Amino acid sequence: MKKEVRFLLLFLIMASSVCAQQQPDSIRRMRLREVEVQEKKKRLRADSIPAGLRLEGSLIETPQNIVSVSSALVAEQGGLVMKDIVRNASGVHMGYNTNLFDGSATIFIRGFPAPTYVNGLLQRTTIDDAAIIEQVEFIKGPAGFLASAGEPGGTVNITTKVPLQRRVRSVEIAGGSFGMWRASVDLGSMIKTKGFSWRMNAAYQQERSFLDFLQTKKYVLAPVVQYNFSPRTSVLLEYNLLRASSAGGSGLNKVGTDEEIRHARIADNFAGDPGLPGSYGETQSVRFLFNHALSKSWKLVAQGRYTSTPAETWYLFSANQSPVNFINDTTRRLPVRNHSTGQVVASQLYVKGVFNTGTAIRHYLMTGVDFNYARDVYNYTTGQYSFYFDRRQPVYGLHTDSVRMLKAAADQVDENNWASAYAYDMIHVGEAWRINIGGRYTRNTRPGKELQQAFSPRLGITWLLRSNLSVYALYDQSFIPQTGSDFDKNLFKPLLGNDFELGVKGDWFNKRLSTTVTGYRIIKNNMLVADPEHRRFRKQIGQVKSTGVEVDVMGQITDRFTVSANYSYTDAVISKDTKPANVGTALPFMPQQNINTWLQYSIPVSTARLRLSLGQRTAIRPGTYTPDLYLPDYTLFDAGASWDAGKWYVRIVAENITNRRYFSSGDILIGSVYPDVKTTYYIDGTPINFKAFAGIRW
């Protein structure tokens, strides 16, 4: 309660400062007109590659499918967390998100889990929030240019909010379904040629779930300070704190036969109880960034980040160590406590510059070194006692002291040190050709374990048919050091992946609208998947192939009409396995087809703008671990409306407006609970809901 009061006082102070700094009417009218002009020019897509990705040049020149989603588009869609943002990129889907604090850790790209980076640095996030997000890059295919460890399917990079070339002052409040309310503030000074600049983002949010008992709270605090010694040299220091807590449990996972699912309430939450201890997840990080222009053509960049991600979650299983299931409508519920602490130290030092060889060849060279250290400690414990439960006459309210009586359990520790050196050259040959060539050597050591090392080459070619139309081809490799071992104590081998990709990119309507059509084939060796025969363990199969087609359309067709639309076909299957029967089996969690759209029409009204939006999300044949069995298809519809008067705005977004019941993720197994019976493990998607926002800028 004290923390809530402090946050409320902070927002009241911010709001009062707005009133204290009112300007004369003539100045207000001038600023409204300025905002209107800016709104007409505002684009919801990026033309260039963000600095965190290190590469130079425009997206149309880059031989890779990179989708950049701006915070402006996220806001128009009412997005608050990563699961709200993935709709804007093809081939991206949230995987099996079994607890409240998974955040971006369960994103799948092209059929494979995607690691998360923040400003180009590895971060094993457990929580995310729009308050810190300036934009999100979905990098399809390997990202060896980004960091030493990268998946062949793709990578997610979050670019955080830092000081801008303009002053930032805004406060926003929001409310919505299930008792949701939120307050956020974004304040910042303009970057100075010499001297200090700063930016501060903070947010507080609380809500009840549509599931019984679950209530969550979240705090966000993200100050940034930058000092410019001169136009050539600057230092930035950033701190991020994101902490979420829940009462009544943390599990989202449900299980049932087809008959049980048909008769289940969507609000049923047998994994939760008012007597469970509180759960929490936290991400704290500190980043240091140093930029120095060595000359007009060369630049030195050094940055480092320390991240800590502690978490403790409580939920209930049945005594058979499976999500709560029933025999003759009764079971014994067993408390489960998961505790983890994660630490990541990531650092980079690189130099990039421009030089010519001859009159027609220009080089954009980048070379540097990375160092990463990660240590994760896991502890899974069950209760000493299980508690009788009858779903026909449910009685809730376990005694918290009894729940806390746990069996002894040992910590599981995973630790990695990996370092790499790399060089990449984007070669401009005349006006029409771009050749991207380079490679990275990575060396990973694990305390008391074997050495893992690899060289990962990259070759890409872009042909600019016109200044706004290009064709590209890419061959890239990825290397991922693996931690842990399987059920039989066999250490995991490093993951090796190969990506072959062809694509066509276009910029239309004076570069306001971008389109990308991509075809790819990924071969991934030594892949890790969950072991369905030994819960909480993984196994390493021989090889997986993913083949697919992606279409992305994003931007403005006219000053009034904006679109974000995408389509993906993903055929990801096991191609080699010790069990021949598994060959040809589809990989779980990724739908075979995804279709997403968000259309917005803007109507000028005097000095304001009315915006009307309509969105759609479709998933076809979401895969499971059982061959030829898929989760049900679904199509959801969303809608929104906003009134933006420049200095103030209101926005309302409604999701799943047809109130369709669907599974946001899940799996199907045969005989896992009942002999020879198909059992579905599933996460219920959110029913019809709305969010309303009101904000002021000054």
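Criteria and cut-off values
- Residues numbered from 1 in each chain as written.
- Predicted model: local features only at pLDDT ≥ 70, side-chain atom pairs only at ≥ 80, totals over all residues.
- Heavy atoms only, no water.
- Pairing = 2+ DSSP bridges.
- Helix = DSSP H or I, 4+ residues; strand = E, 2+ residues; numbered from the N terminus.
- Axes fitted to C-alpha atoms, helices over the stretch in contact; angles between N-to-C directions.
- Buried < 20%, exposed > 50% of the residue type's maximum accessible area, 1.4 Å probe, protein only.
- Polar contact = N/O pair within 3.5 Å; in protein donor to acceptor, adjacent residues only side chain to side chain.
- Contact = heavy atoms within 4.5 Å.
- Phe/Tyr/Trp six-rings, centres within 6.5 Å; stacked < 30°, edge-to-face > 60°.
- Lys NZ or Arg CZ within 6 Å of the ring centre and 35° of its normal.

### Structural notes on the sheet that holds strand β35 (residues 663-670)
One open sheet holds the 3 strands; their spatial order is β14-β36-β35, and the pairing between them is antiparallel. Strands at the two margins of the open sheet, each flanked by one partner only, are β14 (254-256) and β35. Between one strand axis and the next, the sheet turns through 25° on average, direction left out of account. The pairing of β14 with strand β36 (residues 678-684) spans 3 bridges and is classified as antiparallel. The residue of β36 that forms the bridge with V255 is Y681.

### Examining the side chain of S285
Inspection of the secondary structure assignment puts S285 in strand β15 (residues 279-293). By relative accessible area, which is 2% here, S285 ends up buried. Reaching out from S285, the side chain makes a polar contact with the side chain of R305 at a distance of 2.8 Å. Contact partners of S285, with chain neighbours within four places excluded, come to Q123, E238, Y239, N240, R305, Y306 and T307.

### Observations regarding the pairing of strand β13 (residues 233-247)
Bridge count between strand β12 (residues 215-230) and β13: 13 bridges; the pairing is antiparallel. Directly across from V225, in β13, lies its bridge partner L237. Connecting the antiparallel pair β12 and β13 is a turn made up of 2 residues. Pairing of β13 with β15, which is carried by 14 bridges, proceeds in the antiparallel orientation. Its bridge partner being in β15, A244 is matched across the sheet by G281.

### Let's talk about unusual backbone geometry
Phi at N119 is positive, roughly 55°, even though this residue is not glycine. Considering the arrangement of structural elements, one finds N119 in the loop between β5 (116-118) and β6 (121-122). Judged by relative accessible area, N119 falls into the buried class, the value being 7%. Residues other than glycine seldom take positive phi values, yet N328 does so here, at roughly 55°. Looking at where N328 falls in the secondary structure, it is placed in the loop between β17 (311-318) and β18 (330-356). A relative accessible area of 67% places N328 in the exposed class.

### What to know about the pairing of strand β31 (residues 591-605)
As paired elements, strand β30 (residues 561-576) and β31 share 9 bridges and run antiparallel to each other. The residue bridging S564 from the neighbouring strand is W598, located in β31. Pairing analysis gives 14 bridges linking β31 to strand β32 (residues 608-622), with the strands arranged antiparallel. Counted as the bridge partner of S602 is R611 from β32. Between β31 and the antiparallel strand that follows it, β32, lie 2 residues; S606 among them carries a positive phi value of about 55°.

### Some thoughts on the packing of aromatic side chains
Counting across every chain of the model gives 21 aromatic pairs. On the numbers, 6.1 Å between centres and 50° between planes, the contact of F178 with F210 is tilted. A residue pair is termed long-range when its members are at least 10 positions apart, and F178 in the loop between β9 (168-176) and β10 (180-188) and F210 in the loop between β11 (195-208) and β12 qualify at 32 residues. Its relative accessible area of 24% is what places F178 among the partly exposed residues. Given a relative accessible area of 15%, F210 falls into the buried group. Aromatic side chains F487 and F537 sit 5.3 Å apart centroid to centroid with 85° between the ring planes, which places their arrangement in the edge-to-face category. One end of the pair, F487, is in the loop between β24 (469-480) and β25 (495-508); the other, F537, is in the loop between β27 (528-530) and β28 (538-540), and 50 residues separate them in sequence. Among the aromatic residues, ring-to-ring pairing joins F213, F270, F326, F389 and Y396 into one connected group. A cation sits over an aromatic face here: R333 above F389, 4.4 Å from the ring centre.

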